[in-house]
Amino acid sequence: MTAYTGRCACGQVTLAMAGEPVLTRQCWCRQCRQVAGGGPANNAALRTEDVAIAGQLASHAYLAASGNTLTQWFCPSCGVHLTAQSSARPHLLTVRFGAIDEPHGLKPDTAIWTDEAPEWAVIDAEMAQFPQQPPAPPPVSAD
Amino acid sequence: MTHTGHCLCGQVRFTAEAEPVGARICWCRDCQYIASGSGTVNVLFPEEAVRYEGEVGTFRMTADNGNTVERGFCTGCGAQMYSRTVEPKGLPMRIRAGTLDDPELMAPTAIIWTESAPSWATLDPGLPHFPKGPQ
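Residues numbered from 1 in each chain as written. Chains lettered and ligands numbered in written order. Predicted model: local features only at pLDDT ≥ 70, side-chain atom pairs only at ≥ 80, totals over all residues. Heavy atoms only, no water.

1. A look at the overall build of chain A
Reasoning step 1: Counting its regular elements, chain A contains one helix and 11 strands.
Reasoning step 2: Ordering the α and β elements of chain A from the N terminus gives β-β-β-α-β-β-β-β-β-β-β-β.
Reasoning step 3: Taken over C-alpha atoms, the radius of gyration comes to 14 Å for chain A, in line with the 15 Å a tight globule of 143 residues would show.
Reasoning step 4: Along the first, second and third principal axes, the C-alpha atoms of chain A reach 40 × 35 × 30 Å.
Reasoning step 5: For chain A, the share of sequence-separated contacts (at least 6 apart) that also reach a separation of at least 24 residues comes to 52%.
Reasoning step 6: Put simply, chain A shows about 6100 Å² of open surface, and 51% of that area lies on carbon and sulfur atoms.
Reasoning step 7: When the 8 positive and 12 negative side-chain charges of chain A are each reduced to one mean point, those points stand 6 Å apart. (Helix = DSSP H or I, 4+ residues; strand = E, 2+ residues; numbered from the N terminus. Rg over C-alpha atoms; globule rule 2.2 N^0.38 Å. Contact = heavy atoms within 4.5 Å. Areas by Shrake-Rupley, 256 points an atom, 1.4 Å probe, with all protein chains shown as cover. Lys, Arg positive; Asp, Glu negative; His and termini not counted. Charge placed at Lys NZ, Arg CZ, Asp CG, Glu CD.)

This is the structure in structure tokens:
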């Protein structure tokens, strides 16, 4: 069953997501802000096998401050970032909030790397906050 | 003074030979695609003062305000670099704040297209809010 659908801005890439996110996060690290227009990236992590992708993707990988290699996939036609994955968690695939069709009802519940947020940032006080990388998420059950 | 910046992978670099003329956050739905679900944070410069080097991919579209805009991104890492208005001419170029070497060069002074911001967005109450584009 498809729980959520998504696409890039030009529609060349489409997403179909089965099941709910394992976690949602808002990341203020410098690299996310460099890619995402200056604000934080908002991400929903799903089980990798729950995300089906159609269309052509370009990718870029870099060594993140966490020490893990982060691979990011984007549409080569419009540049919109769709998914990302950490080398530490190949069982999870992160989907960018902006690429999820509305209304989806999801919201980021944890802000991370708040140490690197700009002075003008307004971070929801109701969100859990971590100055840097949070502890690893719990293992995902195989059911 | 010259302001400089680059994408995440370093393939695209730019210089802006002018002082910024404004800074604002845009929550239009198109910007949310670009900004991984956030509003884009933009620092505005006169277009003629900005020079890009490297391979910039472009995507043209009709924005929510009816203008024809071009979004530039790095073809190597997909970092969003700028938005410029192709028609009408003469509007300032919007450089994505995250690509500036000093991303805090100018703090946002307004928030626009708030009517399309998600319910969870935290919008600084100390800044002017515009439901659509700036007046």
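Next, the rest of the story.
2. Re the packing of aromatic side chains
Reasoning step 1: Following the criterion strictly, the structure yields five aromatic pairs over all chains and no others.
Reasoning step 2: Ring plane angle 85 degrees and centroid distance 5.9 Å describe the contact between Phe97(A) and Trp120(B), whose orientation is recorded as edge-to-face. Placement of Phe97(A) in the loop between strand E9 (92-96) and strand E10 (110-112) and of Trp120(B) in the loop between strand E10 (110-112) and strand E11 (129-130) is noted, with the two residues assigned to different chains. For the pair Phe97(A) and Trp120(B), one class covers both residues: buried.
Reasoning step 3: With a centroid separation of 5.1 Å and 35 degrees between ring planes, the pair formed by Phe14(B) and Tyr52(B) is classed as tilted. Taken together, the residues span a long stretch of sequence, with Phe14(B) in strand E2 (residues 13-16) and Tyr52(B) in strand E5 (residues 50-53) at a distance of 38 residues. (Phe/Tyr/Trp six-rings, centres within 6.5 Å; stacked < 30°, edge-to-face > 60°. Buried < 20%, exposed > 50% of the residue type's maximum accessible area, 1.4 Å probe, protein only.)

3. Overview of the pattern of salt bridges
Reasoning step 1: Scanning the model with the defined rule gives seven salt bridges over all chains in all.
Reasoning step 2: We note a salt bridge from Glu49(A) to Arg47(A), for which the minimum N-O separation is 4.0 Å.
Reasoning step 3: If you follow the salt bridges from partner to partner, you end up with Glu47(B), Arg60(B), Glu70(B) and Arg84(B) in one network. (Salt bridge = Lys/Arg side-chain N within 4 Å of Asp/Glu carboxyl O.)

4. A look at the sheet that holds strand E8 (residues 80-87) of chain B
Residue and element names in this part refer to chain B.
Reasoning step 1: Taken in spatial order, the eight strands make up an open sheet running E6-E7-E8-E9-E4-E3-E10-E11, and their pairing is mixed. The open sheet has two free edges, formed respectively by strand E6 (56-62) and E11, since each of these has just one partner strand.
Reasoning step 2: Bridge count for E6 against strand E7 (residues 68-74) is seven bridges, and the pairing is antiparallel. Residue pairing in the sheet places Thr58 in a bridge with Gly72 of E7. (Pairing = 2+ DSSP bridges.)

5. Regarding the interface of chain A and chain B
Reasoning step 1: Across the contact, 45 residues belong to chain A and 37 residues belong to chain B.
Reasoning step 2: Carbon and sulfur atoms supply 57% of the area that chain A and chain B bury against each other, a total of about 3100 Å² over both sides.
Reasoning step 3: Our count for the chain A to chain B interface comes out at one salt bridge.
Reasoning step 4: Among the ionic pairs, Arg29(B) bridges to Glu102(A), the shortest N-O distance being 3.2 Å.
Reasoning step 5: The leading source of residues in the side of chain A that touches chain B is helix H1 (residues 30-35) of chain A, at five residues.
Reasoning step 6: Here the residues of the side of chain A that touches chain B are counted per class, giving 22 nonpolar, 14 polar and nine charged. (Buried area = accessible area lost by both parts, 1.4 Å probe. Nonpolar A, V, L, I, M, F, W, Y, C, P; charged D, E, K, R; others polar.)

6. Let's talk about the environment of Ala65(A)
Reasoning step 1: With respect to the element layout, Ala65(A) can be found in the loop between strand E6 (58-63) and strand E7 (69-74).
Reasoning step 2: According to the relative accessible area criterion, Ala65(A) is exposed, its value standing at 54%.

7. Regarding the side chain of Ser38(B)
Reasoning step 1: By the secondary structure assignment, Ser38(B) is in the loop between helix H1 (29-34) and strand E4 (40-45).
Reasoning step 2: Reaching out from Ser38(B), the side chain makes a polar contact with the side chain of Asn42(A) at a distance of 2.8 Å.
Reasoning step 3: Apart from residues no more than four positions distant in its own chain, Ser38(B) is found in contact with Gly39(A), Pro40(A), Asn42(A), Trp27(B), Cys31(B) and Gln32(B). (Polar contact = N/O pair within 3.5 Å; in protein donor to acceptor, adjacent residues only side chain to side chain.)

8. Digging into the nonpolar core
Reasoning step 1: Membership of the largest hydrophobic core comes to 30 residues, with the highest contact counts inside it found for Cys7(B) and Met81(B).
Reasoning step 2: With three residues, E4(B) is the largest single contributor of residues to this core.
Reasoning step 3: For Met81(B), the contacting residues outside a window of four places in its chain are His6(B), Cys7(B), Val12(B), Phe14(B), Tyr52(B), Gly72(B), Phe73(B), Cys74(B), Arg94(B), Ile95(B), Arg96(B) and Thr99(B).
Reasoning step 4: Counting residues in hydrophobic clusters, the runner-up holds 26 residues, among them Cys8(A), Val95(A), Ala99(A) and Leu106(A). (Core = buried A, V, L, I, M, F, W, Y, C linked by side-chain atoms within 4.5 Å.)

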